[in-house]
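# Descriptive structure summary
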Amino acid sequence: MKRLLAFVMALSLLAGGCSASADGGTVVVLASWTGPEADAFRQVLDAFKADTGVKYLYQGTRAVDQVLASDVQRGTPPDVAVLPNAGVLAKYQKSGDLLPLDDDLAATMANSFSPQWVALQKIGTQKLYAVAVKADLKSVIWYNPARLTGIRPTTFDGLRTFAGGLTAAGGTPWCVGMGAPPTSGWPGTDWIEDIFLHSAGPEKYRQWASGSLKWTSPEVKQAWLDWGSLIDPAGIRGGAAAALLTDFGDAGKPMFTNPPGCVLEHQASFIMSRYQDVKRADGTSPRAGTDFDFLRFPGRDVSEVAADLAGMFRDTPPARKLIQYLASEKAQRMWPSIPRASAFSANRKLGSDVYTDQVSRKIAETLTSAPALCFDASDLMPATMTGAFHRAVLEYLSNRDRLDILLSQLDGIRQSVPSGEWLRIPCGQ
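Residues numbered from 1 in each chain as written. Predicted model: local features only at pLDDT ≥ 70, side-chain atom pairs only at ≥ 80, totals over all residues. Heavy atoms only, no water.

## Describing the state of the cysteines
The full count for this structure, using the stated rule, is 2 disulfides. Between the sulfur atoms of C175 and its disulfide partner C262 the distance amounts to 2.0 Å. Disulfide C175-C262: the torsion about the S-S bond is 105 degrees, which places it as right-handed. Of the two residues, C175 is situated in the loop between α7 (156-168) and α8 (186-200) and C262 in the loop between α11 (239-245) and β6 (264-266); the sequence distance between them amounts to 87 residues. (Disulfide = S-S within 2.5 Å. Helix = DSSP H or I, 4+ residues; strand = E, 2+ residues; numbered from the N terminus.)

## Examining the sheet that holds strand β7 (residues 293-296)
The antiparallel open sheet is built from 3 strands, whose spatial order is β6-β5-β7. Two strands close off the open sheet at either side, each with one partner strand: β6 and β7. Taken pair by pair, the neighbouring strands of this sheet meet at an average axis angle of 30 degrees, ignoring direction. Examined bridge by bridge, strand β5 (residues 140-143) and β6 share 3 bridges and lie antiparallel to one another. Counted as the bridge partner of Y143 is L264 from β6. Running at roughly 30 degrees to β7, helix α15 (residues 358-369) makes contact with β5 and β7 of the sheet. (Pairing = 2+ DSSP bridges. Axes fitted to C-alpha atoms, helices over the stretch in contact; angles between N-to-C directions. Contact = heavy atoms within 4.5 Å.)

## Concerning the packing of aromatic side chains
Each aromatic ring pair is summarised here by two numbers: the centre-to-centre distance and the angle between the ring planes. Inspection of every chain in the model, using the stated rule, returns 27 aromatic pairs. Here W33 and W335 contribute two aromatic rings whose centre-to-centre distance is 4.6 Å and whose plane-to-plane angle is 75 degrees, an arrangement assigned as edge-to-face. Of this pair, W33 sits in the loop between β1 (26-31) and α2 (35-52) while W335 is found in helix α14 (residues 329-337), placing the two residues 302 residues apart along the sequence. Like W33, the residue W335 is buried in the burial classification. Seen from their ring centres, W215 and F389 are 4.9 Å apart, and the 75 degrees between their planes marks the pair as edge-to-face. A residue pair is termed long-range when its members are at least 10 positions apart, and W215 in the loop between α9 (202-209) and α10 (218-230) and F389 in helix α17 (residues 383-398) qualify at 174 residues. With respect to burial, W215 and F389 carry one shared label: buried. In textbook terms, an aromatic cluster arises when at least three aromatic residues are bridged by ring pairs, as seen for F196, Y205, W208, W215, W224, W227, F389 and Y396. Lying across the ring of W335, K134 places its NZ or CZ 5.0 Å from the centre. (Phe/Tyr/Trp six-rings, centres within 6.5 Å; stacked < 30°, edge-to-face > 60°. Buried < 20%, exposed > 50% of the residue type's maximum accessible area, 1.4 Å probe, protein only. Lys NZ or Arg CZ within 6 Å of the ring centre and 35° of its normal.)

## Description of the side chain of D291
Tracing the chain through its elements places D291 in the loop between α12 (271-276) and β7. A polar atom in the side chain of D291 sits 3.2 Å from the side chain of R280. When sequence neighbours within four positions are dropped, the list of residues in contact with D291 reads Y143, N144, P145, F256, R280, S285 and P286. (Polar contact = N/O pair within 3.5 Å; in protein donor to acceptor, adjacent residues only side chain to side chain.)

## Things to note about the pairing of β1
In terms of burial, β1 is largely enclosed, as 6 of its 6 residues are buried. Residue alternation in β1 divides its side chains into two sets, T26, V28 and L30 and V27, V29 and A31, and both sets are buried. Here 6 bridges tie β1 to strand β2 (residues 55-60), and the two strands are oriented parallel to one another. Opposite L30, over in β2, you have Q59 as the bridge partner. In the classification by handedness, the crossover that spans β1, the intervening α2 and the parallel β2 is right-handed. Pairing geometry for β1 and strand β3 (residues 80-83), over 3 bridges, is parallel. (Right-handed = clockwise from strand over helix to strand, strands pointing away.)

## Thoughts on the pattern of salt bridges
Tallied over the full model, the rule gives 25 salt bridges. Put simply, K138 and D190 hold a salt bridge, and the shortest N to O gap is 3.2 Å. Of the two residues, K138 is situated in the loop between β4 (131-137) and β5 and D190 in helix α8; the sequence distance between them amounts to 52 residues. D190 matches K138 in its accessibility class, with the two residues each being buried. The salt bridge partner of D291 is R280, with a shortest N-O separation of 3.2 Å. Here the residue D291 occupies a position in the loop between α12 and β7, and R280 occupies one in the loop between α12 and β7, the gap between them amounting to 11 residues. (Salt bridge = Lys/Arg side-chain N within 4 Å of Asp/Glu carboxyl O.)

## Looking at the packing of α8 against α17
Pairs of packed helices are described in terms of their axes, by the angle between the two and the distance that separates them. The N-to-C vectors of α8 and α17 enclose an angle of 90 degrees; their axes lie 8 Å apart at closest approach. By the angle between their axes, α8 is roughly perpendicular relative to α17. When α8 is examined against α17, the residues W186, G188, T189, I192 and E193 are found in contact with a partner set consisting of F389, H390 and V393. A class-by-class count of the residues in the contact of α8 with α17 yields 4 nonpolar, 3 polar and 1 charged. (Parallel < 35°, antiparallel > 145°, perpendicular 65-115°, else oblique. Nonpolar A, V, L, I, M, F, W, Y, C, P; charged D, E, K, R; others polar.)

## Some thoughts on the packing of α8 against α10
α10 packs onto α8 with a crossing angle of 120 degrees between their chain directions and a minimal axis gap of 9 Å. The angle between α8 and α10 falls in the class oblique. In this structure, the crossing between α8 and α10 has a hand that is right-handed. On α10, the residues touching G188, W191, I192, I195, F196 and A200 of α8 are E219, V220, A223, W224, D226, W227 and L230. Residues belonging to the contact of α8 with α10 are distributed by class as follows: 10 nonpolar, 1 polar and 2 charged. (Left-handed = near helix turned anticlockwise from the far one by under 90°.)

## What to know about the environment of P182
Note on placement: P182 falls in the loop between α7 and α8. Residue classification places P182 among the exposed residues on the basis of a relative accessible area of 83%.

## Considerations on helix α3 (residues 64-74)
Every buried residue belonging to α3 is among V64, V67, L68, D71 and V72, and all of these are buried. The arc that holds every buried residue of α3, seen down its axis, measures 130 degrees, which confines them to one face. Exposed positions of α3 whose direction lies more than 90 degrees from the buried face are Q66 and Q73. Downstream of α3 by a residue or two, G75 has a phi angle that is positive, lying close to 80 degrees. (Arc of directions from axis to C-beta.)

Distances and angles like these do not, on their own, reveal function.
Dropping the structure here:
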């Protein structure tokens, strides 16, 4: 009933937009943002409306993949959809439901975004199909500068030695949380992906993400073994059992207690907003640079990234205007400028004035100037493979001795997935 009422409201708003053509029409936008994130995105849409006269109808839902699939199947897709998963967007490109963007816009984007991001926004094709509304850096390890003094590790072996030393001294190096219903386990897949990317390199990473490299291959198995050696159960706050039950958004909070409950966390740049929401005993909240900072993930000079990508599903003048606006420097500047939003742009023309602290500026610099960037591999895999990957991570944390069995099972699933379901989105290099 709620969906029916929403659909009726959408029709009425669209009808109003069509009757008010002098105002520029109406664009229907679907995205995953709700709550404060939706409020931030509406600021961008309100500015778009003020600048162009185009009205908007926004639907925010955490079930964005399912809603979009249903709308496309019924023949009533939104004009523009913003998806947090490049793999889902690429599937619609393969089916012909996602439409290519203007060549003029592609030329403009080439001036505003690095070649790496231009390639990523083409999602494995020769034409531009998406605009990165905001981006996240995943290849980072967070720490509290007040607790991590002296020389910081710069190599994987150094990181492992450092974590082992903390454990030996009675400390707890790692804050780990795998909870994220209904996709619990993805924080662990991020770990495996980062280790694999930084050790085996982008080409092997591409092969693995596209289903052409076996899960039982030496390179993939070594990534799991390296993760296991790094986060020894004794080095996880609360042990493996606690990690399985802890929500990913809460895992890093003990970094800011006195004494700290853990020292390091591997998590994407969006976690900054969670850190800043922590209330300490004295009533203050952690501050970027003073209370938290990050180490670049050790290994090759390459970074794993994610992005919320806007794509066009109906070729209308209002839809094209919105896509062009979302790619503009003005729109790209707005969301990162919102206090405590912890949002980042892939637009390299944005000045340092957009980011209010040195930590955010370092993240933005990495996103816009890194020599190689790769999308999250599990986001690109078929849903069956991704779900199995999530479950395998949870099993591995519970029982490290099952690794060979888990990898064989994962490879069996890889072989069972039809070749047409695998995506071949290149890393941006």
